[in-house]
Amino acid sequence: MAEAVVVVALLLVAGAATAAVVNRDPVRQALVLSVLGTALAVLFTVDQAPDVGLSQLAVGSALTPLLIMLAVRKVKRRPAETGEDGEE
Amino acid sequence: MHVLPYLTAAYVFVVGCYGLATSRNLIHAVGCLAVCQSATYVLLLAVGYRDGGTAPVFSDLRPGSRPVADPVVQALTLTDIVVGATVTALLLALVVQISKRHGTVDPDELRELRG
Amino acid sequence: MNPRARLWLVAIGGAGLAALLAAACLRLPRFGGGHHPYGDRAVRAALSRHTANTIASVNFDQRAFDTMGEMAILFAAVLGCVVLLRQARDEHRGRPRPAEVAAPVRRYALAVLPVALVTGLYVVAHGQLSPGGGFQGGVVAATALHLMYLGADYAALERVRPLEAFEAGDALAASAYLVLGLAGVLAGTGFLANALLPYGTFNTLSSAGTVPLLNAAIGMEVACAVVVLLARFLDQAVEIEEESGK
């Protein structure tokens, strides 16, 4: 029973990791990364490591995606000035 | 079943590497690096797992009553998750700085600028 | 190198790496096996020092020196971010407009903020007893503070977050960890050796000797580091603008 949960969590992690790599747009990638972070937190918790699960939940599902979003927002502001594309 | 967690870790690592190598956007590359990093966590915790065991926390568990998972690998993973996030932040700061100086975050365009 | 050749090179290298990793996986000890020599010794050492959470014992007692290294990486990474994301000479600061927030979002964020903050501090304080500790609690408490940005606006966040104080707190926490280690040297036991304080009663807040103190130092360090990091990124994303025309 416990092993079945671990297998499901592992497949979830593998799927989310693939999706995070395949999504080339950083904003969408950040969202998928937060899904991956949550899946990892679930996997760690069923892997007998609630400590690590808690850490992963806080960092992986909130902090890292937030930092990526902020970096995207900063970088995206530039092309508008140089006139390549983006919002005017 | 007995190698599936290890193989998953290997798969996640290789997928992250593939993303890193083919990325056209440095921010996306940093995200792929985070994926690679998470593969190491999956591997470490899989090594520490124990059949029929529980978390190595004895606040509500009589010592010796049940087998517990390996706390050493868990401690290694735990510190690295938080420290890894700050290193990701440092990489993103570098990307922001690159985009300011060169006006692009595409690694191929950056190589052409270098000449 | 043209992109096509590079892709081939990646494919060959990746296939080789995958084959080697798969071969290594097949030779690893069985998943879920019972042979954990280091784990068993770590559990025994933790119990002998009255630490209920074995992971906290590994982090802040048995491998406290290693954690100091991790803390140094964290500190250096934050320092690097602060230097890289400072306001350059050709940039100016635009005041962000006060934002309109939907009332339910505002109510929800402001209600959850104190709960999340207290949860973070609780997780730090009970690090030596239950799952949790300075690393996790610090991140939770620091991100909780940023619900202010969701619930109100950037100016409100800046009011509840005096950045200088957090930068000083970051350095203070790092040095507190060092000082606790040096205290062991002065007392004649050894750097970061957990022999300064009595081990106390098992499973109480004041058990485990210096573990709760080192844990609190790390909690403060991580919380301050995350606040400083997010502040720098928010500054860049929201406030700092480059001069047009460069």
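Quick caveat: nothing in here was measured; it's all calculated off a predicted structure. (Residues numbered from 1 in each chain as written. Chains lettered and ligands numbered in written order. Predicted model: local features only at pLDDT ≥ 70, side-chain atom pairs only at ≥ 80, totals over all residues.)

> Can you tell me about the overall build of chain B, naming the residues and giving the values?
When its secondary structure is counted, chain B shows four helices and zero strands. Counting from the amino terminus, chain B carries its helices and strands in the arrangement α-α-α-α. Relative to its length of 115 residues, chain B is extended, with a C-alpha radius of gyration of 19 Å against a globular reference of 13 Å. Considered along the principal axes of its C-alpha atoms, chain B spans approximately 65 × 30 × 15 Å. Looking at the 115 residues of chain B, the share that counts as buried comes to 62%. (Helix = DSSP H or I, 4+ residues; strand = E, 2+ residues; numbered from the N terminus. Rg over C-alpha atoms; globule rule 2.2 N^0.38 Å. Buried ≥ 20, exposed ≤ 12 C-beta atoms within 10 Å, placed from the backbone.)

> Can you tell me about the overall build of chain C, naming the residues and giving the values?
Along its length, chain C carries ten helices and two strands. A compact globule built from 246 residues should have a C-alpha radius of gyration of about 18 Å, whereas chain C, at 23 Å, is more than 25% larger. Along the longest, intermediate and shortest principal axes, the C-alpha atoms of chain C span 65 × 55 × 40 Å. Put simply, chain C has 246 residues, and 38% of those count as buried. Considering only contacts in chain C between residues 6 or more positions apart, those separated by 24 or more positions represent 71%. (Contact = placed C-beta atoms within 7 Å.)

> Tell me about the interface of chain C and chain B, residues and numbers included.
The interface is formed by 46 residues belonging to chain C together with 42 residues belonging to chain B. Counting only elements with at least two residues in the side of chain C that touches chain B, the list comes to helix H1 (3-27), helix H2 (37-48), helix H3 (54-62), helix H4 (64-84), helix H6 (134-145) and helix H10 (211-239) of chain C. For the side of chain C that touches chain B, the leading source of residues is H4(C), giving nine residues. Grouping the constituent residues of the side of chain C that touches chain B by class yields 30 nonpolar, 13 polar and three charged. (Nonpolar A, V, L, I, M, F, W, Y, C, P; charged D, E, K, R; others polar.)

> Go over the UniProt feature "transmembrane region" (unreviewed entry) in chain C, please, and point to the residues and values.
Residue and element names in this part refer to chain C. Following the UniProt record, the feature "transmembrane region" (unreviewed entry) maps to residues 71-88, 108-129, 135-157, 169-193 and 213-234 here. From the first C-alpha to the last, residues 108-129 spans 31 Å; its make-up is 82% helix and 0% strand. Between the C-alpha atoms that bound residues 169-193 the distance is 24 Å, and the span itself is 72% helix and 0% strand. (UniProt positions renumbered as here; feature names shortened; annotations may be inferred.)

> Tell me about the packing of helix H5 (residues 103-125) of chain C against H6(C), and please be specific about residues and values.
Residues and elements named next belong to chain C. Relative orientation of the contacting elements H5 and H6 amounts to 165°, with a least axis distance of 7 Å. As far as their axial angle goes, H6 and H5 are roughly antiparallel. For the pair H5 and H6, the sense of crossing is left-handed. Residue-level inspection shows Leu113, Ala116, Leu117, Thr119, Gly120, Leu121, Val123 and Val124 of H5 in contact with H6, the latter providing Gly134, Gln136, Gly137, Gly138, Val140, Ala141, Ala144 and Leu145. Residues of the contact of H5 with H6, tallied by class, amount to ten nonpolar, six polar and no charged. (Axes fitted to C-alpha atoms, helices over the stretch in contact; angles between N-to-C directions. Parallel < 35°, antiparallel > 145°, perpendicular 65-115°, else oblique. Left-handed = near helix turned anticlockwise from the far one by under 90°.)

> Quick one: what's the story with the interface of chain B and chain A, residue by residue and with numbers?
Taken together, the contacts link 42 residues of chain B with 36 residues of chain A. When contributions to the side of chain B that touches chain A are tallied by element, the ones reaching two or more residues are helix H1 (4-22), helix H2 (26-48) and helix H3 (71-102) of chain B. Among the residues making up the side of chain B that touches chain A, the classes are represented as 26 nonpolar, 14 polar and two charged.

> Run through the nonpolar core, naming residues and quoting values.
Judged by nonpolar contacts, the single largest core of 135 residues is most densely connected at A:Val13, A:Ala71 and B:Val12. Here A:Ala71 is in contact with B:Ile27, B:Leu92, B:Val95, B:Val96 and C:Phe233, once residues within four sequence places are set aside. (Core = buried A, V, L, I, M, F, W, Y, C linked by C-beta atoms within 7 Å.)

> Describe the packing of helix H1 (residues 2-22) of chain A against H1(B), and please don't skip the residues or the numbers.
In the contact formed by H1(A) and H1(B), the axes pass within 9 Å of each other and the chain directions differ by 5°. Taken as axis vectors, H1(A) and H1(B) run roughly parallel relative to one another. Seen from H1(A), the contacting residues are A:Val7, A:Leu10, A:Val13, A:Ala14, A:Ala17, A:Thr18 and A:Val21; seen from H1(B), they are B:Leu4, B:Pro5, B:Thr8, B:Tyr11, B:Val12, B:Val15, B:Gly16, B:Tyr18 and B:Gly19. Broken down by class, the residue content of the contact of H1(A) with H1(B) amounts to twelve nonpolar, four polar and no charged.

> Talk me through unusual backbone geometry; I want residue IDs and the actual numbers.
You will see that A:Gln48, though not glycine, has its phi angle at about 65°, which is positive. With respect to the helices and strands, the residue A:Gln48 is situated in the loop between helix H2 (26-46) and helix H3 (50-82). Non-glycine residue C:His50 carries a positive phi angle of around 60°. Relative to the assigned elements, C:His50 resides in the loop between H2 and H3. Residue C:His50 is classed as buried on the basis of its 20 C-beta neighbours within 10 Å.

> Tell me about H3(B), and name the residues and values.
Residues and elements named next belong to chain B. Taking 1.5 Å of rise per residue, the 32 residues of H3 would be expected to cover 46 Å, and the 46 Å separating its terminal C-alpha atoms lies within 8% of that figure. At Ile81, H3 shows its largest kink, close to 25°. In terms of residue burial, H3 counts as a mostly covered element, since 26 of its 32 residues are buried. Positive phi shows up at Gly103, right after H3, with a value of about 75°. (Expected span 1.5 Å × (residues − 1). Bend = angle between axes of the 7 residues up to and from the residue.)

> For the environment of C:Ala216, give the residues involved together with the corresponding values.
All names here are of chain C. For Ala216, the location among the structural elements is in helix H10. Each C-alpha atom of the pair Ala216 and Gly134 lies 5.9 Å from the other, and the pair is 82 residues apart in sequence. Setting aside residues up to four positions removed in sequence, Ala216 forms contacts with Val124 and Gly134.

> Explain the confidence of the model for chain C residue by residue, including any values.
Detail in the predicted coordinates should be disregarded across regions flagged by low pLDDT. All names here are of chain C. Residues at a pLDDT of 70 or more form 96% of chain C, whose mean pLDDT is 83. The spread of mean pLDDT over the elements of chain C runs between strand E2 (residues 240-242), the lowest at 69, and H4, the highest at 89. With pTM at 0.85, the complex prediction returns an ipTM value of 0.84. (pLDDT = per-residue confidence, 0-100.)

> Hey, could you go over the environment of C:Arg6 for me, with residue numbers and the actual values?
Positionally, C:Arg6 belongs in helix H1. Put simply, C:Arg6 and C:Gly39 are 33 residues apart on the chain and 43 Å apart in space, counted from C-alpha to C-alpha.

> I'd like a rundown of the environment of A:Thr64, residues and numbers included.
For A:Thr64, the position within the fold is in helix H3. For A:Thr64 and A:Val46, which are 18 residues apart along the polypeptide, the C-alpha to C-alpha distance reads 23 Å. Apart from residues lying up to four places away in sequence, A:Thr64 is in contact with A:Leu33, A:Gly37, A:Val59, B:Ala34, B:Ala85 and B:Thr88.

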